[in-house]
Amino acid sequence: MIYLDQAATSFPKPSEVIEAVGQALRNTPGSPGRSAHQGALAASHIIFEAREKIASFIGAEDSTQVIFTSGATESLNLVIMGLLNPGDRVIATHVEHNSVARPLEYLRKTREVKVVYAPCNEEGLVELETLERLIKEHKPRLLCVNLVSNVTGAIQPLAEILKIKGKSLVLVDAAQAVGHIPVDVTRWDIDFLAFSGHKGVFGPPGVGVLYIKPGRESELSPIKLGGTGSRSESLEAPEFLPDRFEPGTPNLCGIAGLSAGIDFIEETSLMKIHRHTTALADLFLEKIKDHPKIKIYGPKERIKAIPIVSINIEGLSPSEVALRLDKEFQVAVRPGLHCAPLAHKAIGTFPQGTVRFSFGYFNRVSEVEKAAEALLKIAA
Ligand SMILES: Cc1ncc(COP(=O)(O)O)c(C=O)c1O
């Protein structure tokens, strides 16, 4: 199979990741932070090391600000549900994933939170002037920014957005960004950043990260409560990080795998990964761009996108195209709305969606050539 669904989850995983998951499962007899025997200490050490590594990878000064979650969805929910009170105002972009839009819509109904979506152009990029006007008009408590679109790969101009954010707190959905472009939470001076472990950073599914800027934790109420192995005499959640937002036994194997994924990126170099995957997307685009029946979406200047290419073939539905790619050519892609209906409304592909090709470090040139040939045959 030619796997071009890397934006859904990266595949294959580096052997180091698989080994780290197995090691954690095989050789770590204990629950981190729970007991004081050697096995539990070894488990705690895996988590400590992973936290330090991730903090350094995303530019966080203090690793306790790195919270492990079950994925970007939980990280985003932790902020949205934990921060917003009745009457609060939020501005989000028109390319948000449902893991932002659904919690926001839920709060619109249940807590009378006011939600405004800032428009994006046909390329999926936010209209800065309108965003600035909306921020001045609504003075939102929270600004949600989808840093990289899972539909078009569009990279939002975060630096420009941060200049006009006013007093709002900023939550960055970096699910499709981390592992593709450099991320630096301290230089950007953002309040919250969420990402999954199983996409660009090569970890297993079921693990994710929320970065919280120092001091912002006091503005968030926990959305999950339970045992932390710390301050057990109290029936209240500890105030300190990371324990406040990490109740329950952590996903040791997932965290160990994520940690090995970060090592893999550091050893390979983010730049090398970026160059390879970008070259694959460029090659694919070069091969299909002149076909009269193929429409390509997303930023025209490819420097403004990560290696995701969304297309449609005139006269065929996205699911028909994806089905034929799978059955006739063994090419795996994702059709439809990609859990981001707002983004499809922005680029004019709602409700049918698009066919999304997403490229990863382990894809080869020959695979991309075959996928392009297959698409051209279907379009012929
Ligand atoms: C932009 C974006 N945000 C959030 C998510 C949610 O990630 P997860 O399903 O790993 O929690 C995804 C997943 O596809 C995504 O693409």
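What counts and how
Residues numbered from 1 in each chain as written. Predicted model: local features only at pLDDT ≥ 70, side-chain atom pairs only at ≥ 80, totals over all residues. Heavy atoms only, no water. Helix = DSSP H or I, 4+ residues; strand = E, 2+ residues; numbered from the N terminus. Buried < 20%, exposed > 50% of the residue type's maximum accessible area, 1.4 Å probe, protein only. UniProt positions renumbered as here; feature names shortened; annotations may be inferred. Contact = heavy atoms within 4.5 Å.

Novice: Residues and numbers for unusual backbone geometry, please.
Specialist: The omega torsion of the bond from phenylalanine 11 to proline 12 falls at -5 degrees, within 30 degrees of zero and hence cis. Turning to its location among the elements, proline 12 is positioned in the loop between strand S1 (2–3) and helix H1 (15–27). In this structure, glutamate 112 is a non-glycine residue whose phi angle is positive, near 55 degrees. As for its position among the elements, glutamate 112 is in the loop between helix H4 (98–110) and strand S4 (114–118). A positive phi angle is found at cysteine 339, which is not glycine, with a value near 55 degrees. With respect to the helices, strands and loops of the structure, cysteine 339 is situated in the loop between strand S12 (334–336) and helix H11 (341–347).

Novice: Outline the environment of leucine 316, supporting the account with residue identities and numerical values.
Specialist: The residue leucine 316 is located in the loop between strand S10 (308–313) and helix H10 (318–329) in this model. Given the relative accessible area of 24%, leucine 316 is considered partly exposed. On a C-alpha basis, the gap between leucine 316 and tyrosine 117 in space is 30 Å, while along the polypeptide they are 199 residues apart.

Novice: How would you explain the UniProt feature "domain: Aminotransferase class V" (unreviewed entry) in the protein chain if you had to name every residue and give the values?
Specialist: Mapped onto the present numbering, the UniProt feature "domain: Aminotransferase class V" (unreviewed entry) falls on residues 2–370. Overall, residues 2–370 shows 38% helix and 15% strand. The separation of its end C-alpha atoms is 9 Å.

Novice: I'd love a proper account of the environment of alanine 380, names of residues and values included.
Specialist: Locating alanine 380 in the fold gives a position in the segment after helix H12 (365–379). Classification of alanine 380 as exposed rests on a relative accessible area of 77%. In the structure, alanine 380 is positioned 63 residues away from serine 317 in sequence and 15 Å away in space, judged by C-alpha atoms. What alanine 380 contacts, discounting residues up to four positions off in sequence, is His291 and Lys293.

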